[in-house]
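Structural overview
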Amino acid sequence: NFTDFGYDVLPASNADRDDYEYTQVIANKGNLAEAQQVANLIRCNRIEVTEQGGSDIAELLDERPDVTIILGMDFDGRYCKE
């Protein structure tokens, strides 16, 4: 549970599609170190860094989450299977 590690967690929602083969951790605000810490918790090694993401309104208000996790078919409920 990410809250046990001090993270604020937003409600989960569905990804844009349901056929992601691999789990991805996305650093929405360009902070690779933070995304790496999250990825380490679920043993994921696929990290994407982006300066942009989310809706235009969210970007204006800077309300995007710092990190987004897209769970893929490799996720077993706790960790990524590599």
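About the criteria used
- Residues numbered from 1 in each chain as written.
- Predicted model: local features only at pLDDT ≥ 70, side-chain atom pairs only at ≥ 80, totals over all residues.
- Heavy atoms only, no water.
- Helix = DSSP H or I, 4+ residues; strand = E, 2+ residues; numbered from the N terminus.
- Buried < 20%, exposed > 50% of the residue type's maximum accessible area, 1.4 Å probe, protein only.
- Contact = heavy atoms within 4.5 Å.
- Areas by Shrake-Rupley, 256 points an atom, 1.4 Å probe, with all protein chains shown as cover.
- Pairing = 2+ DSSP bridges.
- Axes fitted to C-alpha atoms, helices over the stretch in contact; angles between N-to-C directions.
- Core = buried A, V, L, I, M, F, W, Y, C linked by side-chain atoms within 4.5 Å.

1. Here we look at the overall build of the protein
If you tally the helices and strands in the protein, you get two helices and three strands. Secondary structure elements of the protein, listed N to C terminal, follow the sequence β-α-β-α-β. A burial count over the protein gives 26% of its 82 residues as buried. A separation threshold of at least 6 residues defines the contact pool for the protein, and within that pool the share at least 24 residues apart is 62%. A total accessible area of about 5,900 Å² is found for the protein, and carbon and sulfur atoms account for 47% of it.

2. Observations concerning the environment of Tyr 22
One can find Tyr 22 in the segment before strand 1 (24-27). You can call Tyr 22 partly exposed: its relative accessible area is 35%. Distance in space between the C-alpha atoms of Tyr 22 and Glu 82 is 9.1 Å, their sequence separation being 60 residues. Once residues within four sequence positions are removed from consideration, Tyr 22 is found in contact with Arg 46, Ile 70, Gly 72, Met 73 and Asp 74.

3. Let's talk about the sheet that holds strand 2 (residues 47-49)
On the basis of which strands lie adjacent, the open sheet formed by three strands has the order 2-1-3 and mixed pairing. Strands with a single pairing partner mark the edges of an open sheet, and in this sheet they are strand 2 and strand 3 (67-70). With direction set aside, neighbouring strand axes in the sheet form an average angle of 20°. Here three bridges tie strand 1 to strand 2, and the two strands are oriented parallel to one another. Bridged to Val 25 within strand 2 is Ile 47.

4. Considerations on the nonpolar core
Formed by Val 25, Ala 27, Ala 35, Val 38, Ala 39, Ile 42, Cys 44, Val 67, Phe 75 and Cys 80, the largest nonpolar core amounts to ten residues. Where this core is concerned, the elements lending two or more residues are strand 1 and helix 1 (32-41). Counting residues per element, this core draws most heavily on helix 1, at three residues. Apart from residues lying up to four places away in sequence, Ile 42 is in contact with Phe 2, Thr 23, Val 25, Ile 69, Phe 75, Arg 78, Tyr 79 and Cys 80.

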